[in-house]
Amino acid sequence: MEKKVFSIDGKELRTITLDDNVFGLPVNEDVVYYAINNELANKRVGTACTKDRSEVHGSNAKPYKQKGTGNARRGDKKSPLTRGGGVIFGPKPRDFSFTLPKKVKRLAMKSILSEKAQNDRLTIIEDFTVASGKTKDLASILAHFGDERTVIVLKDDDAMIKRAGNNIPNVSFLSYNRLRAHDLFYARKVLMLETAAKNLADFYSDKDGEAK
């Protein structure tokens, strides 16, 4: 797949060939769903907790006698049927996380990258950094590429460019070797540094015989 490389001023510089095994695959919607669901599940805290009738503090005595009052038979005030009583089948702390096979994760990332590339939502730009770490410097660059919800894929963990983007809404950063399916999928535009695009071909290569 051929893609144009743009300068930080939004001008076309040259053409780059992207690996079809990463950017030219048919989109597998099933694995994309599994990858996003896995990320969201792994982020859940799972600390919701309620008390059942055995954990509620209170007396075990019957509130009134069994017969003769005309009321329903009542065991104690901790019954789930009374106000302040226990909760029936309430939530308890639990771990929602689960493990997704490595091949499924990799296929999901490649499917999302392919979808972005095929629908012209992927833009390759020359390698750059924001040495000053100032928001206005990065904002002036991004102004040439629109103001949609954007993910910038970096070639390394560039702390200065991330610092510059902290105060820019709808902009997030990902390193090429630590992509997140949720962020990529919901981004309206993906800006990818040229070196990151080249590195992805090696990082998601199929040398180990994994399914494409």
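The structure we're discussing is the one just above.
Here goes a summary of the coordinates provided. The structure displayed is predicted, hence computed values, not measured ones.

**As for the pattern of salt bridges**
Where charged atoms from two side chains of opposite charge come close, those side chains can pair. For the coordinates displayed, the defined rule picks out ten salt bridges. The salt bridge partner of Lys155 is Asp156, with a shortest N-O separation of 3.4 Å. Of the residues examined, Lys155 reaches a relative accessible area of 29% and is grouped as partly exposed.

**A few points about the packing of helix α2 (residues 29-43) against helix α3 (residues 102-118)**
It is at 8 Å that the axes of α2 and α3 come closest, and there the two elements cross at 110 degrees. Classed by the angle they form, the pair α2 and α3 counts as roughly perpendicular. As α2 runs across α3, the sense of the crossing is left-handed. Residue-level inspection shows Val31, Val32, Ala35, Asn38 and Glu39 of α2 in contact with α3, the latter providing Val104, Lys105, Leu107, Ala108, Met109, Ser111 and Ile112. Residues belonging to the contact of α2 with α3 are distributed by class as follows: eight nonpolar, two polar and two charged.

**With respect to the sheet that holds strand β5 (residues 171-175)**
Spatially, the six strands line up as an open sheet ordered β2-β1-β3-β6-β4-β5, and their pairing is mixed. Here the strands that pair on one side only, and so sit at the sheet edges, are β2 (12-17) and β5. Each neighbouring strand pair of the sheet contributes to a mean axis angle of 30 degrees, computed without reference to strand direction. Lying on the sheet, helix α7 (residues 194-203) is in contact with β1 (2-6), β2, β3 (122-125), β4 (150-154) and β6 (189-193); it crosses β6 at an angle near 90 degrees.

**Observations regarding the nonpolar core**
Across soluble globular proteins, nonpolar side chains show a tendency to be buried alongside one another. Of all hydrophobic cores here, the largest spans 49 residues; its most connected members are Phe23, Leu138, Leu179, Leu184 and Met192. Of the residues forming this core, the biggest block, six residues, is contributed by α3.

**Some points on helix α4 (residues 135-142)**
Within α4, burial applies to Leu138, Ile141 and Leu142. The buried side chains of α4 occupy one side of the element, clustering within an arc of 95 degrees when seen end-on. On its buried side, α4 packs onto β4, α5 (159-165), β5 and β6.

**Let's talk about the environment of Asp147**
Relative to the helices and strands, Asp147 resides in the loop between α4 and β4. C-alpha separation for the pair Asp147 and Lys189, spaced 42 residues apart in sequence, amounts to 9.1 Å.

**What to know about the side chain of Lys78**
Take Lys78: it is sitting in the loop between α2 and α3. The charged side chain of Lys78 is buried without a salt bridge, its nearest counter-charge being Asp76 at 5.3 Å. Within the structure, Lys78 has its side chain in polar contact with the side chain of Asn60 (distance 2.8 Å). Here Lys78 is in contact with Arg53, Val56, His57, Gly58, Ser59, Asn60, Gly85 and Gly86, once residues within four sequence places are set aside.

Each value, and the rule that gives it
- All residue numbers refer to position in the chain's written sequence, counted from 1.
- The predicted origin of the model limits local features to residues at a pLDDT of at least 70 and limits the giving and counting of side-chain atom pairs to 80 or more, whereas totals for whole chains, interfaces and linings rest on all residues.
- Only heavy atoms go into the side-chain values, all of them from the structure, while hydrogens and water stay out.
- Each reported salt bridge corresponds to a side-chain nitrogen of Lys or Arg within 4 Å of a carboxyl oxygen of Asp or Glu.
- Each residue is placed in one exposure class: buried if its accessible area under a 1.4 Å probe, protein chains only, is under 20% of its type's maximum, exposed if it is over 50%, and partly exposed if it falls in between.
- To define axes, lines are fitted to C-alpha atoms, for helices over the stretch in contact only, and angles between the resulting N-to-C directions are given on a 0 to 180 degree scale.
- Only runs of H or I of at least four residues qualify as helices and only runs of E of at least two qualify as strands under DSSP, and these elements are numbered from the N terminus.
- Orientation is classified from the angle alone, with under 35 degrees giving roughly parallel, over 145 giving roughly antiparallel, 65 to 115 giving roughly perpendicular, and any other angle giving oblique.
- Left-handed is the label given to a crossing in which the near helix is rotated counterclockwise from the far helix by less than a right angle, and right-handed is the label when the rotation is clockwise.
- By definition, residues are in contact when any of their heavy atoms lie within 4.5 Å.
- For this classification, Asp, Glu, Lys and Arg are treated as charged, while Ala, Val, Leu, Ile, Met, Phe, Trp, Tyr, Cys and Pro are nonpolar and the rest, including Gly, are polar.
- Only when DSSP finds a minimum of two bridges between them are two strands counted as paired.
- Only buried residues count toward a nonpolar core. Its members are Ala, Val, Leu, Ile, Met, Phe, Trp, Tyr and Cys residues joined through side-chain atoms within 4.5 Å.
- Arc definition: it is the arc formed by the directions from the helix axis to the C-beta atoms.
- In this count, Lys and Arg are taken as positive residues and Asp and Glu as negative ones, while His and the chain termini are left out.
- In protein, a polar contact requires one atom able to donate a hydrogen and another able to accept it; more generally it is a pair of N or O atoms within 3.5 Å, and residues adjacent in sequence count only if both atoms are side-chain atoms.

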